[in-house]
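Report on the structure
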Amino acid sequence: MRFPSTPSLFLCIALVAGVGCGDDDTDSPTPTADMSVPGADMVAPGAASLTVLVEPEDGIVNGIAAGDGEEDITDGWSVAFDRFLVTVGDVDIHLSSDESVDAEAEEVFVVDLTAIPGAGLALWSFDGLEAGRYEFNYATPGAGDGSMREESVTQADYDQMVAEDWTYFVDATISNPSGQSCPPADLAEVGDATPNGATNARGEACYDNPSIRFQWGVAAETTFGPCEIDEVPGFVVTEGGSQTVAISIHGDHLFFNGFPEGEEGGVTRLAQWLADSDLNLDGEVTREELEAIAPADLAELDDRYSLGGSPVELEEMWDYVIAQFKTQGHYQGEGECPFDGMAHDH
């Protein structure tokens, strides 16, 4: 569900040298096409404008429930996100009828999607646009190359994002009152933990483990676009009109049972694989643990999963995390965007 938003930050993109952008003393990026009438602080009569939001999927804000619903995690686990930082920007638009007419907002922000309005936060704006239909593209780069901290992000978190050049940082917990971990027997380091008597499909022992946290910084630089919604590309601005579009970041792809093509309604969301990756049963799954596990090591990755179509080679479960994070970028809610030139239609 979407709600009207009140933009808290706009970046004016000067579409011709000399057009003012408020009180900012920094140089504004200049698009590659002149879409305004030359003159002192004048925009062409009838010129259009665009505002671009970044918005979180509802599951990032409100969590994902356990259950049998279309959007639920269906194997008993729920998830709550405490922090969901993303590096996003490099918005690029092209007039569909003339690709030489384009504009770019090069600004890149680190944003905590759990701490902004669910209806989105305005971060970029374009003025002086020629009327017509535009293609829409954006990126989720690393934070280490000229990003800016949006006020939803603490200075400490931002500094770490920059130092590590992360695209994402996620701090979340999966929970299940009757949850258990059944780690691969050859990799488990369970110490003196006592099995609960249950076993998985391979006969590996399970242990009570009702709450499991994960805190991951993920480098997953990705370009998205040209984006479309309901198979209609980009957006339209009319002469003298204004338009608002949204970059939408999803949070449930980590729990998808593969890399599907087609509608997301055909996807099953599962989290037991993550619980089984807690090799030492300390209630937290780390990057190091995932790097030690190959997909074939997990009994949960059975015929319910289809791992074809991954954007990266899946040698270890950390690769699986990176691959799913690279598919999270959407447009206008459920709109699709090819990522890194690959089709993204699900």
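To start, this report covers the structure provided alongside it. Sequence order sets the numbering: in each chain, residues are counted from 1 along the sequence as written. For a predicted model such as this one, the threshold for reporting local features is a pLDDT of at least 70, and the threshold for listing and counting side-chain atom pairs is 80 or more; totals across whole chains, interfaces and linings nevertheless cover every residue. Heavy atoms from the whole structure form the basis of all side-chain values; hydrogens and water molecules are not counted.

Secondary structure assignment for the protein yields 5 helices and 17 strands. Burial classes follow relative accessibility: with a 1.4 Å probe on protein chains only, a residue under 20% of its type's maximum area counts as buried, one over 50% as exposed, and anything between as partly exposed. Counting only residues that meet the buried cut, the protein has 52% of its 346 residues in that class. The contact criterion used throughout is that any non-hydrogen atoms of two residues lie within 4.5 Å. Put simply, 75% of the contacts in the protein that link residues at least 6 apart link residues at least 24 apart. Per-residue and other accessible areas follow the Shrake-Rupley method at a 1.4 Å probe size, with only the shown protein chains counted as cover for residues. On the protein, roughly 14800 Å² of surface is accessible, and the fraction owed to carbon and sulfur atoms is 46%. Only DSSP runs of H or I with at least four residues qualify as helices, and only runs of E with at least two residues qualify as strands; both kinds are numbered from the N terminus onward.

What follows is about the state of the cysteines. What counts as a disulfide here is a pair of cysteine sulfur atoms lying within 2.5 Å. As enumerated under the stated definition, the model contains 2 disulfides in all. Across a sulfur-sulfur distance of 2.0 Å, C182 and C206 are joined as a disulfide pair. Taking the torsion about the S-S bond as the criterion, the C182 to C206 disulfide, at about 105 degrees, is right-handed. With a gap of 24 residues between them, C182 in the loop between β9 (180-181) and β10 (207-208) and C206 in the loop between β9 and β10 connect regions that are remote in the sequence.

Further remarks concern unusual backbone geometry. Residue P226 follows G225 across a cis peptide bond; omega there is 0 degrees. Along the polypeptide, P226 turns up in the loop between β12 (222-224) and β13 (228-229). Although it is not a glycine, D90 adopts a positive phi angle of roughly 50 degrees. Mapped onto the fold, D90 is located in strand β3 (residues 78-95). Take D90: its relative accessible area is 27%, and that puts it in the partly exposed class. With a phi angle near 55 degrees, Q332 is a residue other than glycine that sits in the positive phi range. By the secondary structure assignment, Q332 is in the segment after β17 (329-331).

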